[in-house]
Amino acid sequence: QCVLVMVAALAASYAVALLLPGVRAERSLWPRKVNPNLVLIEQAAASDDARPTIAPEQFRAWKARKQKYFDCFAFYRVTRETVGTELPAGWTEGKTAWGVARASSNLFTLLGLPVQFAETGAVAGDGLPAVILSEALWKREFGADSRVAGTVVRLGSRTARVAGVAPDGSPSLTGNVDAWLLEPDSALAAGSAGYVIAHLTPAGRAE
């Protein structure tokens, strides 16, 4: 059974429901609301909101079952990855590290975030996952080049293709994210805790 709890959410203080057993949801995740019906879900016993608490297996289990209070889930976890860039002569040495949110492929769709300089000419069938850069990283590492989409980068052991740039003013996800690597659910590493964002159903919004 679900248990009701009272918590303070960011600067506002109001009640939220514990809509899934053992977890709590915090409303108003970001100051600039892209979608006011989104919540961040974490373990009820968590004392540090910046610490990831939800396992990928739990995310997949919630997503696979019809829920009363939520109708869509997205997952991400943040890692530090050394970065290399593909050049005609080969790969550059990975001398810098980015905070990379390894995320379910539906994250940006769920958030409703715009992507600038979105790639339109992806190599069909190359199988590379998409990576979306933060605007700060795009300016710092790519000199604000509007032709950045399509660039191939290596993040740790993964190779990905830049799909665009998330503009300033987009919600800041917990975890100091420089870039978002969008992957299928099956690619999310088992056992590594992360963050889950969920969309409320009308029943969830009524709680």
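Residues numbered from 1 in each chain as written. Predicted model: local features only at pLDDT ≥ 70, side-chain atom pairs only at ≥ 80, totals over all residues. Heavy atoms only, no water.

So, the environment of serine 157
Mapped onto the secondary structure, serine 157 falls in the loop between strand S9 (152-155) and strand S10 (158-166). Sequence separation between serine 157 and glutamate 81 is 76 residues, and the spatial gap between their C-alpha atoms is 8.6 Å. (Helix = DSSP H or I, 4+ residues; strand = E, 2+ residues; numbered from the N terminus.)

Quick word on the side chain of asparagine 106
Here asparagine 106 is to be found in the loop between strand S7 (96-104) and helix H2 (107-111). Beyond its immediate stretch of four places on either side in the chain, asparagine 106 contacts Lys63, Cys72, Phe73 and Ala74. (Contact = heavy atoms within 4.5 Å.)

A closer look at helix H3 (residues 135-142)
Among the residues of H3, those classed as buried are Glu135, Leu137, Trp138 and Phe142. For H3, the buried positions fall inside an angular range of 160° around the axis, keeping them on one side. Where H3 is buried, its residues touch S7, strand S8 (130-134), S9, S10 and strand S11 (179-183). Phi for glycine 143, located one or two positions after H3, is positive at around 60°. (Buried < 20%, exposed > 50% of the residue type's maximum accessible area, 1.4 Å probe, protein only. Arc of directions from axis to C-beta.)

Considering the confidence of the model for the protein chain
Interpreting fine coordinate detail is not advised for predicted regions of low pLDDT. Of all residues in the protein chain, 68% have pLDDT values of 70 or greater, and the mean over the chain is 74. In this model, residues 1-19 is a region of pLDDT below 50 whose contacts with residues beyond four sequence positions or in other chains number 34 contacts. Considering only residues more than four positions removed or in separate chains, one finds that residues 27-33, a stretch of pLDDT under 50, has 24 contacts. (pLDDT = per-residue confidence, 0-100.)

Things to note about the packing of aromatic side chains
If you walk through the whole model with that rule in mind, you get seven aromatic pairs. Counting every residue linked through ring pairs, the aromatic cluster contains Trp62, Phe70 and Phe73. (Phe/Tyr/Trp six-rings, centres within 6.5 Å; stacked < 30°, edge-to-face > 60°.)

Notes on unusual backbone geometry
Phi is positive for alanine 144, which is not a glycine, with a value near 55°. Mapped onto the secondary structure, alanine 144 falls in the loop between H3 and S9. The exposure class of alanine 144 is partly exposed, given its relative accessible area of 36%.

Notes on helix H1 (residues 56-64)
Taken as a whole, H1 has its buried residues at Pro56, Phe59 and Trp62. Relative to the axis of H1, the buried residues are bounded by an arc of 125° and lie together on one face.

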